[in-house]
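# Examination of the molecular architecture
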Amino acid sequence: MNQFAISATNLVKEFKTNQSVVTAVNGLSLQVAPGETYGLIGPDGAGKTTSTRVILGLLSRTRGESSVLGFDSMQDVYQIRERVGYIAQQFSLPRNLTVMENMLFFAGVHSVSIEQQRKRIPELLTFAGLNDFKGRLAGKLSGGMKKKLALACSLIHEPQVVMLDEPTLGVDPVSRREFWNLLGNLRAEKGLTIFVCTPYMDEAERCTRIGLIYEGKLIVDDSPANIKEMIPGRLLEFTPSSFAEALKLCNEMEGVLEVQTYGEKLHVFVDEIPTREVQIEAALTSQGIAYDHLREIQVRMEEAFISLIRRQKESVEQNAMLGDVR
Amino acid sequence: MSAELFTTQNQDSPILAQNLTKRFGTFTAVDDVSFGVRSGEVFGWLGPNGAGKTTTIRMLLGLIKPTSGDAFVLGFNSARQTKLVHANVGYMSQQFTLYSDLTAAQNIRFYGGVHGLSNDELHQRIAEIIQMAGLEGRENILTGSLSGGWKQRLALGCAIVHHPKVVFLDEPTAGVDPISRRQFWELIYQMAKDGVTILVTTHYMDEAELCQRVGFITGGKLVALDSVGQLKRTQMRGQVLEINVSDPEKAVRILKTAQQNHQVPLDEVALYGAQIHAVVPDAQEYKDAIQQVLTEENVRVHSIEWIAPTLEDVFISSVKAPAEQN
């Protein structure tokens, strides 16, 4: 048995259709230690959901190894089911059951004893803030409450690991904050291992470690702070009067490492400050482009994500071109 | 507000709500809401679920009649001149109402037909929208097999096929990845630069930061309306501290106990990755108290820093305040 809560080594998942083979997971390796909150992020279609399902043993794997709490995803499915909570993407609870009936239903599915149910259900309802809604039909709950009920149901068998696939989709900011605070409480009070797939970078910042997946492979695996430091240079932000011209100008300028668009603003990564800041101001002025709020800002997870994916794309394209030449 | 002020607003506010109220039975969904969106502005309309966001949009679109007050779009009264409003607005909802068994070009043709575009116009618009959405070479792929980002940009193209001067976007980016979201916002600002007025709703406050002005609605009432920068300065109750410690899980447990015992007035305390965020009435005043509580329990404090609030912090603070007064 290894010491990891979740582990994958060279994991491959292929989907075969009549005409072709699609490789959804392409040699994924990752390890999650007990008590970590691990965020799996990546562009749409990168393989987040498929990886999660293979690790849980819900999909067969084509090659490689994967395990949860030392139990093999394919061989030890029942041991995993007993110890892991899971919320699938766009998960829906039985709408015509009340909050309490949902809890009882999931307790039954996981064969939780009656004594344990009497103890845990009230605890979980309090934890999720659903005590006053025991008799309400799940279908009549607000979006945020449904997600909290789903979380409570996934915890009914006292799992050591929970795996959540985009759990806050369509939830408003207040409920989203509450949901993540609940996850924080589980981490602080129970030492629960949390594995979460998310397209939202502010949620990724609430993880202790992040895996960035691209075309079925993990390309970065580190803490949010370290990932942000991987992006070279310093970041300037400003609002130009003429967006397209300013974008072109910055892209061609010496000392500019990367330019990202941000609504009506530009984000320009430069090798140094203040030299480049002065240079940009001069270039904009000489081209007759007005600008506003030029200032240095901190790199957030979102800027880092975009930069890392862009670099990965470029290196893949470059390799493909080299391959053609050969 | 004086009638005079409204007259001047009227001319420069393609979207205008005047004392707008909607009651359903005894429930007041929208309660005396007044605001104007300026020509060519990108305006964020933000609120928790059930706050009255969508009801307001429906009244502006003339889909439901206000109980009292008036809604105007481009100077047309939404309740009385509904056809004129519809001819001049574009609307895109989170469901991306596209036909998945039609190709991209066929979808544009369909929506163009609905709006009565001539064949020549259709031809031109299809080419323009395909280019805008980055769908060159994918014109004849069935929409159902396009990825999220492309579908989303195509849906926007279909919503603006008739060159509307005002566009309503209702949670247009739910569930798409950060790169697609950036591209989408670039399109929004291209439209705004062409003089289109845009009202957008979103549950993601990092995205709302991209709007030029935002309005917060909660419990049917407009509680704040300003630029993001200004809201951060004026609307945040309390200040945010970022705490770096040796053992964040333990530190959170200690601080929660201190909160319950009223030892330190903490509005909120939660894990953020390897750090802790705490909201206190005054950063300078309570920094030392927090340090002391943690040190007494043998947690090593690396740093406690006062950080600028995010728009999400400000939003949660603003929408909680009226709820607590009730």
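Residues numbered from 1 in each chain as written. Chains lettered and ligands numbered in written order. Predicted model: local features only at pLDDT ≥ 70, side-chain atom pairs only at ≥ 80, totals over all residues.

What follows concerns the overall build of chain A. When helices and strands are counted, chain A shows 11 helices and 14 strands. Seen along its three principal axes, the alpha-carbon backbone of chain A occupies a region of about 75 × 50 × 40 Å. Summarising the internal contacts of chain A: among those between residues at least 6 apart in sequence, 69% fall at separations of at least 24. (Helix = DSSP H or I, 4+ residues; strand = E, 2+ residues; numbered from the N terminus. Contact = placed C-beta atoms within 7 Å.)

When the parts come together, some accessible area is lost, and that loss is often what is quoted as the size of the interface. In this complex, chain B contributes 35 residues to the contact, which on the side of chain A involves 37 residues. Elements supplying a minimum of two residues to the side of chain B that touches chain A: α6 (148-159), α7 (178-193), α8 (205-208), α10 (248-260), β12 (268-272) and α12 (311-325) of chain B. Element by element, the count of residues in the side of chain B that touches chain A is highest for α7(B), at eight residues. Of the residues assigned to the side of chain B that touches chain A, the class counts are 18 nonpolar, nine polar and eight charged. (Nonpolar A, V, L, I, M, F, W, Y, C, P; charged D, E, K, R; others polar.)

A word on the sheet that holds strand β14 (residues 291-297) of chain A. All names here are of chain A. Strand order in the open sheet formed by four strands is β12-β13-β11-β14, with antiparallel pairing between adjacent strands. Two strands lie at the open edges of the sheet, namely β12 (256-262) and β14, each paired on one side alone. The sheet shows a mean angle of 20 degrees between the axes of neighbouring strands, direction not considered. Both β12 and strand β13 (residues 265-270) contribute to a ladder of six bridges, which runs antiparallel. Bridge assignment links Tyr 262 to a residue of β13, and that residue is Lys 265. Those strands touched by helix α9 (residues 243-251) are β11 (234-240), β12 and β13, and its axis lies near 160 degrees from that of β12. (Pairing = 2+ DSSP bridges. Axes fitted to C-alpha atoms, helices over the stretch in contact; angles between N-to-C directions.)

Okay, α6(B) next. Its 12 residues place the ends of α6(B) 16 Å apart at the C-alpha level, agreeing with the 16 Å of an ideal helix rising 1.5 Å per residue. Of all the positions in α6(B), only B:Gly149, B:Trp150, B:Lys151, B:Gln152, B:Arg153, B:Leu154, B:Ala155, B:Leu156, B:Gly157, B:Cys158 and B:Ala159 are classed as buried. (Expected span 1.5 Å × (residues − 1). Buried ≥ 20, exposed ≤ 12 C-beta atoms within 10 Å, placed from the backbone.)

Moving on, we come to the domain arrangement of chain A. The domain architecture assigned to chain A consists of domain 1 (6-224) and domain 2 (232-298). The C-alpha-based centres of domain 1 of chain A and domain 2 of chain A are spaced at 41 Å. (Domains from an automatic or database assignment.)

So, on to the sheet that holds strand β2 (residues 27-37) of chain B. In sheet architecture, strand pairing relies on hydrogen bonds along the backbone and comes in two forms, parallel and antiparallel. All names here are of chain B. A sheet is described by the order of its strands in space; here four strands give the open sequence β2-β1-β4-β5, paired in antiparallel fashion. Two strands in the sheet have a free side with no partner beyond their single neighbour: β2 and β5 (76-77). When strand β4 (residues 68-73) meets β5, the two strands line up antiparallel, connected through two bridges. Looking across to β5, one finds that Val 73 is bridged to Phe 76. Packed onto the sheet, helix α2 (residues 53-60) meets β1 (15-24), β2 and β4 and runs at close to 115 degrees relative to β1.

Here we take up the packing of α6(B) against α7(B). Residues and elements named next belong to chain B. One way to put it is that α6 packs onto α7 with a least axis distance of 9 Å and a crossing angle of 15 degrees. Judged on the interaxial angle alone, α7 and α6 are roughly parallel. At the point where α6 passes α7, the crossing takes the right-handed sense. Touching Gly 148, Gly 149, Gln 152, Arg 153 and Leu 156 of α6 are Ser 180, Gln 183, Phe 184 and Leu 187, all from α7. When its residues are assigned to classes, the contact of α6 with α7 shows three nonpolar, five polar and one charged. (Parallel < 35°, antiparallel > 145°, perpendicular 65-115°, else oblique. Left-handed = near helix turned anticlockwise from the far one by under 90°.)

A few words on the environment of A:Thr275. Residue and element names in this part refer to chain A. Here Thr 275 is to be found in helix α10 (residues 275-286). You can call Thr 275 exposed: it has 11 C-beta atoms within 10 Å. Sequence separation between Thr 275 and Gly 255 is 20 residues; the distance between their C-alpha atoms is 9.3 Å.

So, about the nonpolar core. The tendency in soluble globular proteins is for nonpolar side chains to be buried side by side. Residues A:Val161, A:Phe195, B:Val167 and B:Ile198 are the most contacted members of the largest nonpolar core, which totals 124 residues. Residue contacts for B:Val167: discarding those within four places in its chain leaves B:Val89, B:Gly90, B:Ala159, B:Ile160, B:Met191, B:Val196 and B:Ile198. (Core = buried A, V, L, I, M, F, W, Y, C linked by C-beta atoms within 7 Å.)

To continue, consider the confidence of the model for chain B. In this model, chain B carries an average pLDDT of 91, and 94% of its residues clear a pLDDT of 70 or more. Within the model, pLDDT remains below 50 along residues 1-9 of chain B, and this stretch shows five contacts once partners closer than five positions in the same chain are excluded. (pLDDT = per-residue confidence, 0-100.)

Attention now moves to the domain arrangement of chain B. Splitting chain B by domain gives domain 1 (3-228) and domain 2 (237-308). On a C-alpha basis, the centroid separation for the pair domain 1 of chain B and domain 2 of chain B is 41 Å.

A few words on α10(A). Residues and elements named next belong to chain A. The first and last C-alpha atoms of α10 sit 17 Å apart over 12 residues, in line with the 16 Å expected at 1.5 Å per residue. Among all positions of α10, only Arg 276, Ile 280 and Leu 284 are buried. End-on view of α10: buried residues confined to an arc of 70 degrees, all on one side of the axis. Seen from the buried face of α10, the exposed residues on the opposite side, beyond 90 degrees, are Thr 275, Val 278, Ala 282, Thr 285 and Ser 286. Next to the buried residues of α10 lie β11, α9, β13 and β14. (Arc of directions from axis to C-beta.)

Turning our attention to the packing of helix α6 (residues 173-190) of chain A against α10(B). Working note: a packed helix pair is described by the angle between its axes plus the distance between those axes. Direction vectors running N to C along α6(A) and α10(B) enclose 105 degrees, while the axes themselves pass 8 Å from each other. Judged on the interaxial angle alone, α10(B) and α6(A) are roughly perpendicular. Across from A:Gly184, A:Arg187, A:Ala188 and A:Glu189 in α6(A), the residues of α10(B) making contact are B:Glu249, B:Val252 and B:Arg253. Taken together, the residues of the contact of α6(A) with α10(B) sort by class into two nonpolar, one polar and four charged.

Here the focus is the environment of A:Gly57. One can find A:Gly57 in the loop between α1 (48-56) and β4 (63-68). Discounting residues that sit within four places of it in the chain, A:Gly57 has contacts with A:Ser73, A:Met74, A:Val77 and A:Ile80.

The next subject is unusual backbone geometry. Residues and elements named next belong to chain A. Residues Ile 273 and Pro 274 are joined by a peptide bond in cis, for which omega reads 15 degrees. You can see Pro 274 is positioned in the loop between β13 and α10. Phi is positive for Ser 111, which is not a glycine, with a value near 50 degrees. By secondary structure assignment, the location of Ser 111 is in the loop between α3 (99-109) and α4 (114-127).

Residue and element names in this part refer to chain A. As paired strands, strand β1 (residues 6-16) and strand β2 (residues 21-32) are joined by nine bridges and run antiparallel to one another. Within β2, the position partnered with Glu 14 by the bridge is Thr 23. Following β1, the chain reverses through four residues before pairing antiparallel with β2.

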